[in-house]
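# Observations on chain architecture
In case you want the letters, here they are:
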Amino acid sequence: MGFLQFSKPPVVTAKNALRGRDIPVLPHPRPHTVLGTAIDAPPAEGHEEAYLALGCYWGAEKIFWELGAETTAVGFMGGYTKNPTYMEVCTGLTGHTETVRVVFDPNKVSYTEILQAFFESHDPTTLNRQGNDRGTQYRSAIFATTDEQYTTALKIRDLYQKVLKDAGRDAIVTEVHEPGQPFYFAENEHQQYLDKNPGGYNCHARTGLACPVA
């Protein structure tokens, strides 16, 4: 999926990142092609949103709409460039990672279940890589939207780390961020990509080990 892949990722800071723009690259998002919901609407009362980066976002998004999310979308977080394009992120010069927005009803699917799917659907021990996809845009990350989410993410990460350690696997490199990071929507062609392109590229390495939630 990657446009450019570096043997050694560039070191990106706020000073040397690509400049970006004030206008969003997706100013008028279309409804979700599977769920029919607005992909940019704020969560309804009693609902929550989660932001998760687990490699190529094409396949990652499908995992969560099939899990029971109210809506999903793909975009970028964790970098410096404002409103980056997909091609800019692929240069590694924005600092962003490909991220899925998940809006969910906790009465239907819990945040811990979302985290369980997150950890089991990629390899959180590989730095800046998932399968053959290499680059900082493929790094593993959780972007909490509440203090409770942040605490829960750390707890589940530590529980899964014990499972991996007992199995002789490497340490988890997943970043867990406190609330406050901006999310930038990717272009329309990337939204619900695997619904628009059945059988399209879907790269997700997995450890094959179950993630405990309690």
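Here, the structure is the one placed above.
Quick caveat: nothing in here was measured; it's all calculated off a predicted structure.

All right, on to helix H3 (residues 111–120) then. When we look at burial in H3, the residues that qualify are Tyr 111, Ile 114, Leu 115, Ala 117, Phe 118 and Phe 119. On its buried face, H3 sits against strand S1 (48–54), helix H1 (57–67), strand S3 (97–104), strand S6 (140–143) and helix H4 (147–166).

Right, let's get into the packing of H3 against H4. Contact geometry of H3 with H4 gives a least axis separation of 10 Å together with a crossing angle of 45°. The orientation of H3 relative to H4 falls into the category oblique. As for the relative orientation of H3 and H4, their crossing is right-handed in sense. Where H3 approaches H4, its residues Tyr 111, Thr 112, Leu 115 and Phe 119 are matched on the opposing element by Gln 149, Thr 152, Ala 153, Ile 156, Arg 157 and Tyr 160. When its residues are assigned to classes, the contact of H3 with H4 shows six nonpolar, three polar and one charged.

Further remarks concern the pattern of salt bridges. Counted under the stated rule, the structure contains nine salt bridges. Notably, a salt bridge pairs Glu 88 with Arg 21, separated by 2.7 Å at the nearest N-O pair. In this pair, Glu 88 is assigned in helix H2 (residues 86–90) and Arg 21 in the segment before S1, connecting sequence segments 67 residues apart. Glu 88 gets classed as buried once you look at its relative accessible area, which sits at 18%. Here Lys 108 makes a salt bridge to Glu 70, at a shortest N to O gap of 3.6 Å. One end of the pair, Lys 108, is in the loop between S3 and H3; the other, Glu 70, is in the loop between H1 and strand S2 (71–77), and 38 residues separate them in sequence. On the accessibility criterion, Glu 70 (23% relative accessible area) is partly exposed.

Our next topic: the side chain of Thr 99. Positionally, Thr 99 belongs in strand S3. Taking the relative accessible area as the measure of exposure, Thr 99 reaches 0% and is therefore buried. A distance of 2.8 Å separates the side chain of Thr 99 from the backbone oxygen of Thr 97, its partner in a polar contact. Not counting residues within four places of it along the chain, the set of residues in contact with Thr 99 comprises Tyr 51, Leu 52, Ala 53, Tyr 57, Ala 73, Val 74, Gly 75, Phe 76, Met 77, Phe 143 and Phe 183.

Mapped onto the elements, Asp 195 comes out in helix H5 (residues 193–196). Since its relative accessible area comes to 33%, Asp 195 is described here as partly exposed. Distance from Asp 195 to Lys 62, taken between C-alpha atoms, is 8.1 Å for residues 133 residues apart in sequence. With residues near it in sequence (within four places) discarded, Asp 195 still touches Thr 33, Val 34 and Trp 65.

Spatially, six strands are ordered S7-S6-S1-S3-S2-S8 in an open sheet, and the strand pairing comes out mixed. Every interior strand has two partners, whereas the edge strands, strand S7 (175–177) and strand S8 (184–185), have only one. Examined bridge by bridge, S2 and S3 share seven bridges and lie antiparallel to one another. Paired with Thr 72 across the strands is Val 102, a residue of S3.

Right, let's talk about the packing of aromatic side chains for a bit. Evaluation of the coordinates by the stated rule reveals nine aromatic pairs. For the ring pair Tyr 51 and Phe 183, a centre distance of 5.1 Å and an interplane angle of 40° mean the geometry is tilted. Here Tyr 51, found in strand S1, pairs with Phe 183, found in the loop between S7 and S8; they are 132 residues apart in sequence, far enough to count as distant. Residue Tyr 51 shares its accessibility class with Phe 183, and that shared class is buried. Aromatic side chains Tyr 57 and Phe 76 sit 5.6 Å apart centroid to centroid with 40° between the ring planes, which places their arrangement in the tilted category. Of this pair, Tyr 57 sits in helix H1 while Phe 76 sits in strand S2, and the two are 19 residues apart along the sequence. Given the relative accessible area of 1%, Tyr 57 is considered buried. Ring-pair connections join several aromatic residues into one group, and the members of that group are Tyr 51, Phe 183 and Phe 185.

Analysis parameters
- Residues numbered from 1 in each chain as written.
- Predicted model: local features only at pLDDT ≥ 70, side-chain atom pairs only at ≥ 80, totals over all residues.
- Heavy atoms only, no water.
- Buried < 20%, exposed > 50% of the residue type's maximum accessible area, 1.4 Å probe, protein only.
- Helix = DSSP H or I, 4+ residues; strand = E, 2+ residues; numbered from the N terminus.
- Contact = heavy atoms within 4.5 Å.
- Axes fitted to C-alpha atoms, helices over the stretch in contact; angles between N-to-C directions.
- Parallel < 35°, antiparallel > 145°, perpendicular 65-115°, else oblique.
- Left-handed = near helix turned anticlockwise from the far one by under 90°.
- Nonpolar A, V, L, I, M, F, W, Y, C, P; charged D, E, K, R; others polar.
- Salt bridge = Lys/Arg side-chain N within 4 Å of Asp/Glu carboxyl O.
- Polar contact = N/O pair within 3.5 Å; in protein donor to acceptor, adjacent residues only side chain to side chain.
- Pairing = 2+ DSSP bridges.
- Phe/Tyr/Trp six-rings, centres within 6.5 Å; stacked < 30°, edge-to-face > 60°.

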